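Fold and contact review
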Amino acid sequence: MGLQTVLFDFDGTIADTLPVSFKAFNYVFNKYDKRNLTDKEIMQLFGPIEDVIIRNQLHNQEKVEYAIEDFYDQYEKGHQREFERLADIQNMLDAMKELDMNLGIITGKSRRSLTLSLEILNLYDYFDVTISGDEVKAPKPNPEGIQKALNLLHNVPSDAVFIGDSQADMAAGDAANVITIAAQWFSTIQSANFEARPSHICKTIPDLIKLVKKYKYGNVVIKDGKPK
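Residues numbered from 1 in each chain as written. Predicted model: local features only at pLDDT ≥ 70, side-chain atom pairs only at ≥ 80, totals over all residues. Heavy atoms only, no water.

1. Description of the overall build of the protein
The following threshold applies: Here a helix means four or more residues in a row that DSSP labels H or I, a strand means two or more in a row labelled E, and each is numbered from the N terminus. As a reference, a globule follows 2.2 Å times the number of residues to the power 0.38, and the radius of gyration itself is taken over C-alpha atoms. Each residue gets one of three labels from its accessible area relative to the maximum for its type: buried under 20%, exposed over 50%, partly exposed in between, using a 1.4 Å probe on protein chains only. Only heavy atoms enter the contact rule, under which two residues are in contact if any of them lie within 4.5 Å. For every accessible area listed, the method is Shrake-Rupley and the probe measures 1.4 Å; residues are considered covered only by the protein chains on display. His is not counted, nor are the chain ends; Lys and Arg add positive charge and Asp and Glu add negative charge. Every charge is mapped onto a representative atom, which is NZ of Lys, CZ of Arg, CG of Asp or CD of Glu.
For the protein, the count of helices and strands is nine helices and eight strands. For the protein, whose C-alpha radius of gyration is 18 Å, the value lies close to the compact-globule estimate of 17 Å for 228 residues. Along the first, second and third principal axes, the C-alpha set of the protein runs to 55 × 30 × 30 Å. Counting over 228 residues, the protein shows a buried share of 52%. Contacts spanning at least 24 positions in sequence make up 66% of the contacts within the protein whose residues lie at least 6 apart. Here the protein displays about 11200 Å² of accessible surface, and carbon together with sulfur accounts for 46% of that area. Positive and negative charge centroids in the protein, built from 26 and 33 side chains respectively, lie 4 Å apart.

Pasting the structure below:
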């Protein structure tokens, strides 16, 4: 039947929101703990949703609830900027819809931050299913989110590809037995090298569209169980 579903990570894949998250986390840790973390140090905390990261990492535990609200306030304010390649992403999603693809998001973000970003960036209505980090028991690299999305869409792994920018994304896709595509079209990405080797790496959005079309129409050669 060919490809039916395209699943995406969010941060660093659908939107360049990583810098917004870094700034919001740093605001909180600086305000309540008087400490500054590098972007790399913050990235190493990723996995749990934002609320859990703050609960686990904030030294000033008496102020945790205030810190969480401050994070979301700063995260929302961080959207008052021009987003890299947003028009290209919207055109890409339009192209996917023209191909009659189911579209989904599997992210470690909280439902609160995901909805906020999707609504502000006018991307919400593109997606048939969205799975946030607080809607799974185990975050990526566990495949639960991908499997949950496929179940909701009544798809099997051979119907889908998963696109992300991190090692955890590639490992999750590999564990879910779907084709994996590493996204490297934003200035800020989570991983440049992968232990779980992706099926493909796309450095531009047009390259992704071409690749999805090949899968849609059965033009990808499979050798030894892997795409070539």
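2. Quick notes on the environment of Phe 29
Looking at the element boundaries, Phe 29 is found in helix α1 (residues 18-33). The sequence separation of Phe 29 and Ala 138 amounts to 109 residues, and the corresponding C-alpha distance is 25 Å. Every residue in contact with Phe 29, bar those within four places of it in the chain, is listed here: Lys 34, Arg 35, Leu 37, Leu 45, Gln 57 and Leu 58.

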